[in-house]
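Observations on the three-dimensional arrangement
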Amino acid sequence: MPLLFLLGGAKSSVGSNSRNLFLEGNISLTLDKGIWKLRKEQPDYQEITLDLICHQGKCESEIWGFAPDFNKDVDHQGTVTVTKTDNAWQLEVDLQIQSHPENPELIPATYSIEIATYRDRFIGSYQGEYQGRTLIGKVTGNKSDLQLRPLPKHQPIKAREHPRLIFRAAELPTLKEKAQTRHGKKIINNLKQTLQTEVYYDGYVPTGGYHAAGHCFVSLLEDDPQAAETAWQMVEKSMANPGERFLEHSPIVAGVALAYDLCYYQWDEKRQQQVTEWLALQTFKLIEGDSPKNGWNSFAWSNWNARARGAAGLAALAILGEPAEYYPQTEFFQEPENVEKLLKIAERNVTRYFERAIGDRGLGTEGDHYTTEPWRLTILPFLQAYRNVKGMDIAPSKTQWFLPHYITRSVPIDNELAIPSYGRHRLSPPPSLYGIGLPLVSEKFLPGVLWFLERYGPETENRSLGVSEDLPISAIYGLQGYPQNPQIKNPAKLWDKVLVDRQKGFYSFRNQWRDETDIVANIYVKQELLRASWAFPDAGSFRIAGLGHQWAIAGKSQARPKHENIVVTAQSDHQGAKPIYFQSSEDGSGTVTLKKENWLRSFAVDYSEASDTPGLFALVDRFEVSENADLQPKIWKMHVTGEVAIKDDSFTITSPSGATMQGTFISPQGVQLTYVTSAEGNKIQAEGTNDFFVVMTIQQDSPPPITVEGNGLNAKVIIGKQIIRFNGSNIVLENSRIP
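Residues numbered from 1 in each chain as written. Predicted model: local features only at pLDDT ≥ 70, side-chain atom pairs only at ≥ 80, totals over all residues. Heavy atoms only, no water.

**Comments concerning the overall build of the chain**
Selection criterion: For helices the rule is a DSSP run of H or I covering at least 4 residues; for strands it is a run of E covering at least 2, with both sets numbered from the N terminus onward. Radius of gyration here uses only the C-alpha atoms, and the compact-globule reference equals 2.2 Å multiplied by the residue count raised to the power 0.38. Categorising residues by exposure relies on relative accessible area from a 1.4 Å probe, with only protein chains included: less than 20% of the type maximum marks a residue as buried, more than 50% marks it as exposed, and the intermediate range marks it as partly exposed. Residues count as neighbours in contact if any of their non-hydrogen atoms are within 4.5 Å of one another. Charged residues are defined here as Lys and Arg on the positive side and Asp and Glu on the negative side; His and the ends of the chain fall outside this count. We put the charge of a Lys on NZ, of an Arg on CZ, of an Asp on CG and of a Glu on CD.
Along its length, the chain carries 16 helices and 34 strands. Taking 27 Å as the expected radius of gyration for a compact globule of 739 residues, we find that the chain reaches 28 Å, a close match to that expectation. When its C-alpha atoms are laid out on the principal axes, the chain stretches across 80 × 70 × 50 Å. Per-residue burial over the chain gives 59% buried out of 739 residues. In the chain, once contacts between residues fewer than 6 apart in sequence are set aside, the share between residues at least 24 apart is 65%. Placing the 76 positive and 87 negative side-chain charges of the chain at their respective mean positions leaves the two points 3 Å apart.

As structure tokens, this is what we get:
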């Protein structure tokens, strides 16, 4: 099919810039109906996406294909040649198609592709052959933002170079010096304390391998052979106790890989070979995937996929380049370069995970716990190891935001850090997240992360500096990532107080980084809804924490609307909305409005103190109904902690420290306001059939007076010098710094 035929009337814009452009970066091309399989004895045609890497018009010969509807557990390897014409590029592709991960048979597919640039993307056509059928169709494509970024001055690893995963062998003398500094002594002291805690060889997070890695590091630092022997015993026990499912098995593989790398030259060749062979087999197994009957979820955005493929990639990096006789004596491993193939597939899975699961400012689609767990267990270790071994950063545009994301959302509550969390389990990230992630923090953000660790680290005698007893390896990463001459700056000098993840539709507003008077408010628009995962009905759900207390919290950890801070109706599902308005100011204040079907919610945050309070929050819920429609009952919900008092149209929450939140309902008139206590948690509910308009303030003592002029959504609310009103589409704060 000719290229210009596919382009139709847009041909005048096509290829106009192609003559002077290079193919550059990670290129993804999607072939419509580019692959097929039989379904009910009829061919079912599906898309296939081809990924190649080019540098100034010269493209690597390797190309990879991925067709999730064909089989989302398989990546297809092939070769490509690229030729530049006057206004287009021609690609000849030979791809080896694998129908199922358990079927080693490879079936060839060939494609002749012609593409040109159109605005900021590629379009074109192709013709191909697969299993005796001719394939013809259109091509669309783009440059991926998730580039593999080369690291400057990287030196390739040598054969059998170990350590290599957390740090390179040449860095060990520097680490020994850092271990003698004030910060280093604290970190090593905390490491040794964590190594005395209980080791788990089962459960959701087996820790035997991670503890073994900690002992191996002590052996390296202090030339202690007994520590390496202790590590070996833990590794043996870990290998002998595989996880029941991939969820549990992945951290076993990751921990053993880290211990193997650190203890490699503390163990004899028999042990080296034994662990190399075991890691190779586990890498193959984790790449191959498992049955959904065992809980396996290979969708790109699943935490199962992230755990497994992060662990597989880490293990592959650990054993890359080992002697051929160390690998399993199976047909697959008779070709040692197949370890490189497994690594490439792991890298591609992790990259897809970033593309789909993680937003542009670090929010995870499956909620906080199911995002931070795979990150600290396998993903962050894999990213660090990939930098060391391959000299490349994977998806740096997203990974650079992960720790700043959680630092922006964290506030001190009862001498502990907490975040107003989303998703299942409602947990805050453990300190190990910050230690393991420290080496990957960009130079731009590192002073702010260090300020956070120094200021908000757990109040122990030595301060943990990101080390926690749940994962001893956090100490090794923490020591490696903590600079010898640290520069420390308040995060407000390095990134904004308002964090906006536009990909996922998440908005976080913070007043400052200082102390217990810090305040954070979040609202989740959830504009990118991904099924086949832990997708909670939390579109429009908000959280408020500050002044040492969590005011508006998540309800019970169940995926039901009644456990979120939303308006519940008979029809509501809250599985995705769209933002229609957003403005913010430098002081952390802002307004967001979202819409889903006939429901509009506007959420405003004001830290200007014009209200004579450190934090003011306003919510409007407007429902569009036809003139003659029956008004359906609606329940406005906010899950809370603290002592609650209800009086008429207002509520007051008092924290243990004496700080208060006062909320007043402007609409509906005659609102039925109740405080409900139960084993599932406590919540404030407002019932009505019309719209809702509520204004809340938090303060260290008594709340300020409130004046209301007018009725319903047309009312004007006055608190101090602040005036709050609704203009029909969003909340307006008349005396704030919001534009």
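**Points about the sheet that holds strand β14 (residues 498-501)**
Cut-off, in case you're wondering: When DSSP finds at least two bridges between two strands, those strands are taken to pair. Axis lines are fitted to C-alpha atoms, over the contacting stretch for helices. Their N-to-C directions set the angle, which ranges from 0 to 180 degrees.
The strand order across the open sheet formed by five strands is β14-β15-β16-β17-β18, and the pairing between neighbours is antiparallel. Edge strands, defined here as strands with exactly one partner in the open sheet, are β14 and β18 (549-552). On average, each strand axis in the sheet is inclined to that of its neighbour by 15 degrees, with strand direction left out of account. By the bridge criterion, six bridges tie strand β16 (residues 519-524) to strand β17 (residues 541-546) in an arrangement that is antiparallel. Pairing of N522 across the sheet is with R543, part of β17.

**Topic: the packing of aromatic side chains**
To keep it simple, the criterion reads: Aromatic pairing here means that ring centres of Phe, Tyr or Trp (its six-membered ring) are within 6.5 Å. Orientation follows from the plane angle: under 30 degrees is stacked, over 60 is edge-to-face, and everything else is tilted. A positively charged side chain is recorded as over a ring if its NZ (Lys) or CZ (Arg) lies within 6 Å of the ring centre. The angle to the ring normal must also be within 35 degrees.
What the rule picks out here adds up to 31 aromatic pairs. With a centroid separation of 6.3 Å and an interplanar angle of 40 degrees, the aromatic rings of F542 and W636 are classed as tilted. Of this pair, F542 sits in strand β17 while W636 sits in strand β24 (residues 634-640), and the two are 94 residues apart along the sequence. Judged by relative accessible area, F542 falls into the buried class, the value being 0%. In textbook terms, an aromatic cluster arises when at least three aromatic residues are bridged by ring pairs, as seen for Y353, F354, W375, F402 and Y406. A cation sits over an aromatic face here: R133 above W36, 4.9 Å from the ring centre. For R543, the ring lying beneath its charged end belongs to Y422, and the centroid distance is 3.9 Å.

**Digging into the sheet that holds strand β34 (residues 731-733)**
Judged by pairing direction, the sheet is antiparallel, and its four strands sit side by side in the order β31-β32-β33-β34 without closing on themselves. What marks the edges here is a single partner per strand, and that holds for β31 (707-709) and β34. Across the sheet, the mean angle separating the axes of adjacent strands is 20 degrees when strand polarity is ignored. Here β31 pairs with strand β32 (residues 716-719) via three bridges, running antiparallel. Looking across to β32, one finds that E709 is bridged to K716.

**Regarding the packing of helix α6 (residues 225-240) against helix α7 (residues 246-263)**
Rule in force here: Just so you know how the angles are binned, under 35 degrees is roughly parallel, over 145 roughly antiparallel, 65 to 115 roughly perpendicular, and the rest oblique. Left-handed describes a crossing whose near helix is turned anticlockwise from the far helix by less than a right angle; the clockwise case is right-handed.
Put simply, α6 and α7 touch, their axes get as near as 10 Å, and they point 150 degrees apart. The pairing of α6 with α7 is recorded here as roughly antiparallel in orientation. Here α6 and α7 pass one another in a crossing that is left-handed. Residues A228, A231, V235, S238 and M239 of α6 form the contact with α7, whose participating residues are I252, V256, A259 and C263.

**A closer look at helix α10 (residues 338-357)**
How we decide: Multiplying one less than the number of residues by 1.5 Å gives the expected span of a helix.
Counted at 1.5 Å a residue, the expected span for α10 with its 20 residues is 28 Å, and the 28 Å between its end C-alpha atoms agrees. The buried fraction of α10 is high, at 16 of 20 residues.

**Regarding the pairing of β14**
The alternating pattern of β14 places V498 and V500 on one face and L499 and D501 on the opposite face, and all of these are buried. Both β14 and strand β15 (residues 506-510) contribute to a ladder of four bridges, which runs antiparallel. Looking across to β15, one finds that V500 is bridged to Y507. What sits between β14 and β15 in their antiparallel hairpin is a turn of four residues, with G505 showing a positive phi close to 80 degrees.

**Considering the state of the cysteines**
Rules: The disulfide definition used here is simple: a pair of cysteine sulfur atoms within 2.5 Å.
Scanning the entire structure with this criterion turns up two disulfides. Paired through a disulfide, C54 and C59 show a sulfur-sulfur distance of 2.0 Å. Because the torsion about its S-S bond is 95 degrees, the bridge between C54 and C59 counts as right-handed. Looking at C54, the relative accessible area reads 0%, which means it is buried. For C216, the disulfide goes to C263, at an S-S distance of 2.1 Å. Handedness here is read from the sign of the S-S torsion; for C216 and C263, about -110 degrees, the answer is left-handed. Here C263 lies in helix α7 and C216 lies in helix α5 (residues 208-222), a separation of 47 residues in the sequence. Like C263, C216 is buried. When the bonded cysteines of the chain are numbered from the N-terminus onward, they pair as 1-2, 3-4.

**Side note on the nonpolar core**
The criterion, for reference: Think of a nonpolar core as a cluster: buried Ala, Val, Leu, Ile, Met, Phe, Trp, Tyr and Cys residues, connected wherever their side-chain atoms sit within 4.5 Å.
Counting residues in hydrophobic clusters, the biggest one holds 120 residues, and the most contacted among them are F217, W267, L279 and W375. Ranked by the residues each element gives to this core, the list is headed by α7, at 12 residues. Apart from the residues lying within four places of it in its own chain, the contact partners of L279 are V253, V256, A257, Y260, A315 and I319. Counting residues in hydrophobic clusters, the runner-up holds 43 residues, among them Y507, F603, F651 and M696.

**Remarks on the environment of I566**
For I566, the location among the structural elements is in the loop between β18 and β19 (567-568). Sequence separation between I566 and I345 is 221 residues, and the spatial gap between their C-alpha atoms is 41 Å. Excluding residues within four positions of it along the chain, I566 makes contact with P537, A539, G540, S541, P561, H574, R601, I635, W636 and K637.

**Description of the pattern of salt bridges**
Test applied: Between Lys or Arg on one side and Asp or Glu on the other, a salt bridge is scored when a side-chain nitrogen of the former is within 4 Å of a carboxyl oxygen of the latter.
Considering all chains together, one arrives at 29 salt bridges under this definition. In this structure, the salt-bridge partner of K176 is D223, at a minimum N-O distance of 3.9 Å. Placement of K176 in helix α3 (residues 172-178) and of D223 in the loop between α5 and α6 is noted, with a sequence separation of 47 residues between them. Of the residues examined, K176 reaches a relative accessible area of 28% and is grouped as partly exposed. Beyond isolated ion pairs, a larger network of salt bridges with shared partners links D51, D75, R348 and R352.

**Topic: unusual backbone geometry**
Of note, the bond from H162 into P163 is cis; its omega dihedral lies within 30 degrees of zero at -5 degrees. In this chain, S667 is followed by P668 through a cis amide linkage whose omega measures 0 degrees. Note on placement: P668 falls in the loop between β27 (660-667) and β28 (672-676). For Q131, which is not a glycine, the phi torsion comes out positive at approximately 50 degrees. One can find Q131 in the loop between β8 (121-130) and β9 (133-143). Phi is positive for K153, which is not a glycine, with a value near 65 degrees. Examined against the element boundaries, K153 turns out to sit in the loop between β10 (148-150) and α3.

**Focus on the pairing of strand β21 (residues 590-596)**
Along β21, six of the seven residues are buried, which leaves the element largely enclosed by surrounding structure. Two strands pair when backbone bridges link them, and strand β20 (residues 578-584) and β21 are joined in this way by six bridges, in the antiparallel orientation. Bridging from a neighbouring strand, P579 pairs with L594 of β21. Hairpin connection from β20 to β21: five residues lie between these consecutive antiparallel strands, with G588 at a positive phi of about 100 degrees.

That is the geometry; function is a separate question.
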